[in-house]
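Each chain, letter by letter, is given below.
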Amino acid sequence: MNKPVVLDHPVKSKDINPWRNSDARWGRMAVGLHWGMAVVIVGLFGLGLWMTSLSYYDPWYKQGPNLHKSIGVVLFVVLVLRLMWRWLDNTPASLDNHANWERKAGHIVHGLLYGGLFAVMISGYLISTADGRAISVFGLFEIPATLSGVEKQEDIAGVIHLWLAVGLMSVAAGHALAALKHHFVDKDRTLRRMLGWP
Amino acid sequence: MKRLTLAASAALALAVSTPNVGAQATEYVIDTKGAHAFVQFRVKHLGYSWLYGRFNTFDGAFNYDAANPEASKINVTIDTASVDSNHAERDKHLRNEDFLDVSKYPKATFVSTGVKVNGDGTAHVMGDFTLHGVTKPITIDVSKMGEGKDPWGGYRAGFEGSTTITMADYGMTFNLGPASTQAEIMLTLEGIRK
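Positions within a chain are numbered from 1, following the residues in the order the chain's sequence is written. Chain letters and ligand numbers both follow the written order, the letters beginning at A and the numbers at 1. Two thresholds apply to this predicted model, a pLDDT of at least 70 for residue-level local features and 80 or more for giving and counting side-chain atom pairs, whereas whole-chain, interface and lining totals are computed over all residues. For the side-chain quantities, the full set of heavy atoms in the structure was used; hydrogens and water were omitted.

Draft legend 1. Representation of the overall build of chain B in the model. To qualify as a helix, a DSSP run of H or I must reach at least 4 residues; to qualify as a strand, a run of E must reach at least 2; elements of each kind are numbered from the N terminus. Tallying secondary structure elements over chain B gives two helices and 11 strands in all. Per-residue burial for chain B yields a buried fraction of 39% across its 194 residues. In chain B, 55% of the contacts between residues at least 6 apart in sequence involve partners at least 24 apart. Using a 1.4 Å probe, accessible areas were evaluated by the Shrake-Rupley method; residue-level cover was limited to the displayed protein chains. Total accessible area on chain B stands at roughly 11000 Å², and carbon and sulfur atoms take up 56% of it. For the exposure calls, accessible area comes from a 1.4 Å probe over protein chains only, and a residue counts as buried if that area is under 20% of its type's maximum, exposed if over 50%, partly exposed in between. Throughout, a residue-residue contact means that at least one pair of heavy atoms, one from each residue, lies within 4.5 Å.

So this is what it looks like as structure tokens:
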């Protein structure tokens, strides 16, 4: 490990609800949503690529897509809750050592990630509901079709879904590399405060 | 004698100027506009049931004369991307590289090369079928349903036919299971006389 990093925003921990964000760091809720969703999103990307390569007699031929769609719907709900939480709670201030261009780039990348997630989810939904069929979520309830019957809808939505997902993964990789750069090159708290570390 | 010659030359002139009705097959255009023609297929699902699908977009024409059915000809061109099995996700799969690969092979065609009429009102229509970029000779078993005037001033003739192809023969090798290697193609074609 690196030697302890000097805090540029000293935290008076007893005054702060650990679930809420403070000026200096992200709270447990934001940290949990960020990393939980990161794992699920990368997992859904892998599952999507894998399930479309399966042979007809593979036991996962039907289960894979069912799981992919069900988790995707849940992820959509969690994403909406996350954005509501982000809107309701404080947002930690940018670190002083962040350059202006870094702040701007960060905002753009975060916007791309949120917007990209919605776009990938909506395009996926439009594949499965192209003929008016509903999407079953873990067999518990169904999301009905809204826009359906557009000429070649499933093909167009399919191409968009795949390439937006690839694009989203690329932006997420850039986001991760930037975080690592802050941690190892700039040696600042950008990554640490998203890990819930002091 | 002179009158006889005149009559003979008049008859000859008539014979030359008027097409020989017996030998000249009549041209029909397949009524896809009014959707009185269907290109359907079925494949066994797991060996337990049939899966039916169809191609919604195609066109074609045929020549047919009841007096000389062996002179009949037919050609049909199918837009492979119009495959419709009543399930969007399956249709998307049927269009991709595992099956029809429609971006690479947008058309399937059948062009007849000969007709062999059976005694019982049925016929074998031989021809070249091109699917997935592969052309193979096939025989379609055809029976005539009927022909005659329609209520709107036209004249129509209709046929149905079927043939069975092995998908691997056309380079489509996605494994659907041992019971599902073949597709039966079923045609119902109504033509409007030109």
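From this point, the discussion proceeds with the structure in view.
Draft legend 2. Up close: the environment of A108(B). Structurally, A108(B) can be placed in strand β7 (residues 107–117). Each residue touching A108(B), except ones within four places of it in the same chain, is listed here: V76(B), T77(B), I78(B), T80(B), F129(B), T130(B) and L131(B).

Draft legend 3. Looking closely at the environment of S148(A). Residues and elements named next belong to chain A. Examined against the element boundaries, S148 turns out to sit in the loop between β2 (141–143) and α4 (153–185). For S148, a relative accessible area of 32% gives the class partly exposed. Separated by 46 residues in sequence, S148 and E102 have C-alpha atoms that sit 42 Å apart. Setting aside anything within four residues of it in sequence, one finds S148 in contact with T129, A130, D131, G132 and Q153.

Draft legend 4. Geometry of the pairing of strand β1 (residues 26–30) of chain B. All names here are of chain B. Paired strands, as defined in this entry, are two strands with at least two bridges between them according to DSSP. Bridging between β1 and strand β4 (residues 58–64) involves four bridges; their strand directions are antiparallel. Bridged to T26 within β4 is Y64. One ladder, built from three bridges, connects β1 with strand β11 (residues 182–193); its direction is antiparallel. Looking across to β11, one finds that V29 is bridged to I192.

Draft legend 5. Representation of the interface of chain B and chain A in the model. At the junction of the two partners, chain B supplies 16 residues and chain A supplies 14 residues. Once two parts are put together, the accessible area they lose, assessed with a 1.4 Å probe and summed over both, is termed the buried area. Here chain B and chain A share an interface that buries about 1200 Å² over both sides, 53% of which is from carbon and sulfur atoms. Together, A88(B), E89(B) and K92(B) form the three largest contributors to the area buried by chain B at its contact with chain A, with a combined 38%. The partner of K69(A) in a salt bridge is E89(B), with the nearest N and O atoms 3.0 Å apart. Definition of a polar contact: a pair of N or O atoms within 3.5 Å, with one able to donate and the other able to accept a hydrogen when the atoms are protein atoms, and with sequence-neighbouring residues admitted only if both atoms are side-chain atoms. Our count for the contact surface shared by chain B and chain A stands at eight residue pairs in polar contact (both at pLDDT 80 or more). Looking at which element gives the most residues to the side of chain B that touches chain A, the answer is helix α2 (residues 88–95) of chain B, with six residues. Counted by class, the side of chain B that touches chain A contains six nonpolar, six polar and four charged residues. We define a salt bridge as a side-chain nitrogen of Lys or Arg found within 4 Å of a carboxyl oxygen belonging to Asp or Glu. In this count, Pro and Cys sit with the nonpolar residues alongside Ala, Val, Leu, Ile, Met, Phe, Trp and Tyr, while Asp, Glu, Lys and Arg are called charged and the others, Gly among them, polar.

Draft legend 6. Structural view of the pairing of strand β5 (residues 73–79) of chain B. All names here are of chain B. When β4 meets β5, the two strands line up antiparallel, connected through six bridges. When the sheet's bridge partners are listed, D59 is paired in β5 with T77. Sheet topology note: the β5/β7 ladder contains five bridges and is antiparallel. Along β7, the bridge assignment pairs V76 with F110.

Draft legend 7. Fine view of the nonpolar core. Within the largest apolar cluster, 42 residues are counted, with the highest numbers of intra-cluster contacts made by I30(B), F58(B), I74(B), F129(B), L131(B), I165(B) and L189(B). When sequence neighbours within four positions are dropped, the list of residues in contact with F129(B) reads A108(B), T109(B), F110(B), V134(B), T135(B), K136(B), I138(B), I165(B), Y170(B) and I185(B). In this structure, M51(A), L75(A), A165(A) and M169(A) belong to the second largest nonpolar core, which totals 15 residues. As used here, the term nonpolar core means buried Ala, Val, Leu, Ile, Met, Phe, Trp, Tyr and Cys residues forming a set that is joined through side-chain atoms within 4.5 Å.

Draft legend 8. Spotlight on the packing of helix α2 (residues 60–88) of chain A against helix α3 (residues 100–128) of chain A. All names here are of chain A. Their axes nearest at 11 Å, the elements α2 and α3 cross at an angle of 150°. Comparing the axis directions of α2 and α3 gives the class roughly antiparallel. When you trace α2 past α3, the crossing you get is left-handed. Here α2 contributes K69, G72, L75, F76, L79, V80, R82, L83 and R86 to the contact with α3, which in turn contributes Y114, L117, F118, M121 and S128. Each residue belonging to the contact of α2 with α3 can be placed in one class, and the counts come to nine nonpolar, two polar and three charged. What counts as an axis is a line fitted to C-alpha atoms, over the stretch in contact for a helix, and the angles between N-to-C directions run from 0 to 180 degrees. Our angle categories are set so that under 35 degrees counts as roughly parallel, over 145 as roughly antiparallel, 65 to 115 as roughly perpendicular, and the remainder as oblique. Handedness of each helix crossing follows the sense of rotation of the near helix against the far helix: counterclockwise by less than a right angle gives left-handed, clockwise gives right-handed.

Draft legend 9. Main features of the side chain of H93(B). Mapped onto the elements of the fold, H93(B) is located in helix α2. Polar side-chain contacts of H93(B) include one of 2.7 Å to the side chain of D98(B). Setting aside anything within four residues of it in sequence, one finds H93(B) in contact with Y61(A), D98(B), F99(B) and F174(B).

Draft legend 10. Molecular detail of the layout of surface pockets. Residue and element names in this part refer to chain A. In this analysis, the protein atoms alone were mapped onto a 1 Å grid. Cavities are point sets where a 1.4 Å probe fits without being able to get out; pockets are open sets with protein on both sides within 12 Å along at least five of seven lines; lining residues have an atom within 4 Å of a point. Grid points are joined across faces, edges and corners, and a volume is the space filled by probe spheres set on the points. Roughly 1300 Å³ of internal volume is contained in the second largest pocket. Looking at the second largest pocket, it is lined by 44 residues, and the ones nearest its centre are H34, V109, H110, L113 and H175. Of all the elements in the fold, those that place two or more residues in the lining of the second largest pocket are α1 (28–51), α2, α3, α4 and α5 (190–194). The element best represented in the lining of the second largest pocket is α4, accounting for 12 residues. Grouping the constituent residues of the lining of the second largest pocket by class yields 26 nonpolar, 12 polar and six charged.

Draft legend 11. Seen up close, a nonpolar patch on the surface. Residue and element names in this part refer to chain A. A surface patch of nonpolar side chains, amounting to about 680 Å² of accessible area, comprises F76, V77, L81, M84, W87 and L88. Relative to the elements of secondary structure, W87 occurs in helix α2. Judged by its relative accessible area of 72%, W87 falls in the exposed class. Any residue with relative accessible area above 30% and no salt bridge may belong to a patch, with like charges joined within 9 Å and the nonpolar Val, Leu, Ile, Met, Phe, Trp and Tyr side chains within 5 Å.

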